[in-house]
Structures are given as structure tokens and as C-alpha cells.
Amino acid sequence: MSATVREPKSGRVMDVLTSEPGVQFYTGNFLDGTITGKAGVAYQKHFGFCLETQHFPDSINHPNFPPWCSSRADVEVDDGVPVLRRGRDSPAPPSSG
């Protein structure tokens, strides 16, 4: 398992499963209400977030980081798998990889 997000008020939980060593967390800091979504709702600061699974961004410069790829032929795609569950007592899914 790479990440777990909990919403304490509702008890919702989201686990992200991946074989990648890192997760980038985006929070929508620059949303300012000028972009609208469903039903014309304006996206405000922190209205959502994104968990993006990947290798560490600077791993090519750090020999102690996990290797990523050395040629185009080595490129593999790993789509992080979100697992949604409800309730504080719901069991966590098994770890990946």
C-alpha cells in the first residue's frame, strides 16, 4: 500500500495500491473559482486532491533511490489502483507488490 486517505466525519477511506516507490500529493492550491465543474460548481482552493503514483522525481540523481529506467525499452506503466471503503473498522486491502 502506498497511501491511505481518511475522512473522519463520514468514515470514508481511500487506499492507493501501487508497485511504484513514491506518491505525489497535489492539493489544488492554485484553484481560485475561475474553473467550473459539474452543475457549474466553481473549483475553489483545496476542493480536491490527487495522489499520483510514480518513481521519485529526482531518482536519476540519487544512486540510493530505486532505479527507474535506463532506456525507452525499460519503460513500464503502473496505474495506481484506488480502493474505496467506508467505515473506520473496514479492513485494509492487502499490500501490492
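Undergrad: Honestly, the overall build of the chain in this entry has me stumped. Any pointers?
TA: Of the regular secondary structure elements, the chain holds 0 helices and 5 strands. Along its sequence from the N terminus, the chain presents helices and strands in the succession β-β-β-β-β. Within the chain, buried positions represent 15% of all 97 residues. As presented, the chain carries roughly 7500 Å² of accessible surface, and 56% of it is formed by carbon and sulfur atoms.

Undergrad: So what exactly am I meant to see when it comes to the pairing of strand 2 (residues 12-17) here?
TA: Each regular strand displays side chains that alternate between the two surfaces of the sheet. Among the 6 residues of strand 2, 5 are classified as buried, and the element is accordingly described as predominantly covered. Bridge count between strand 1 (residues 3-7) and strand 2: 5 bridges; the pairing is antiparallel. Each residue of the ladder has a partner; that of R6, found in strand 2, is V13. Hairpin connection of strand 1 to strand 2: 4 residues between the antiparallel strands, including G11 at a positive phi of 85 degrees.

Undergrad: What exactly am I supposed to notice about the environment of P57 here?
TA: Within the element layout of this structure, P57 appears in the loop between strand 4 (50-54) and strand 5 (81-86). Separated by 33 residues in sequence, P57 and Q24 have C-alpha atoms that sit 9.1 Å apart.

Undergrad: So what exactly am I meant to see when it comes to unusual backbone geometry here?
TA: Most peptide bonds are trans, and most residues other than glycine sit at a negative phi. For A39, which is not glycine, the phi torsion reads 55 degrees and is therefore positive. Residue placement: A39 occurs in the loop between strand 3 (22-26) and strand 4. Exposure remark for A39: the relative accessible area of 84% places this residue in the exposed category. Within the chain, H46 stands out as a residue other than glycine whose phi angle is a positive 65 degrees. Tracing the chain through its elements places H46 in the loop between strand 3 and strand 4. A residue is classified by how much of its surface remains accessible, and H46, at 47% relative accessible area, is partly exposed.

Undergrad: Is there a simple way to think about a nonpolar patch on the surface in this case?
TA: A contiguous nonpolar patch, built from I35, V41, Y43 and F47 and spanning about 380 Å² of accessible area, is present on the exposed surface. Along the polypeptide, Y43 turns up in the loop between strand 3 and strand 4.

Undergrad: So what exactly am I meant to see when it comes to the environment of Q44 here?
TA: As for its position among the elements, Q44 is in the loop between strand 3 and strand 4. Look at Q44 and you get partly exposed, because its relative accessible area is 33%. Linking Q44 and N29, residues 15 residues apart in sequence, is a C-alpha distance of 8.7 Å. When neighbours within four sequence positions are excluded, Q44 is seen to be in contact with L31, D32 and G33.

Calculation rules
Residues numbered from 1 in each chain as written. Predicted model: local features only at pLDDT ≥ 70, side-chain atom pairs only at ≥ 80, totals over all residues. Heavy atoms only, no water. Helix = DSSP H or I, 4+ residues; strand = E, 2+ residues; numbered from the N terminus. Buried < 20%, exposed > 50% of the residue type's maximum accessible area, 1.4 Å probe, protein only. Areas by Shrake-Rupley, 256 points an atom, 1.4 Å probe, with all protein chains shown as cover. Pairing = 2+ DSSP bridges. Patch = residues over 30% accessible without salt bridge, like charges linked within 9 Å, V, L, I, M, F, W, Y side chains within 5 Å. Salt bridge = Lys/Arg side-chain N within 4 Å of Asp/Glu carboxyl O. Contact = heavy atoms within 4.5 Å.

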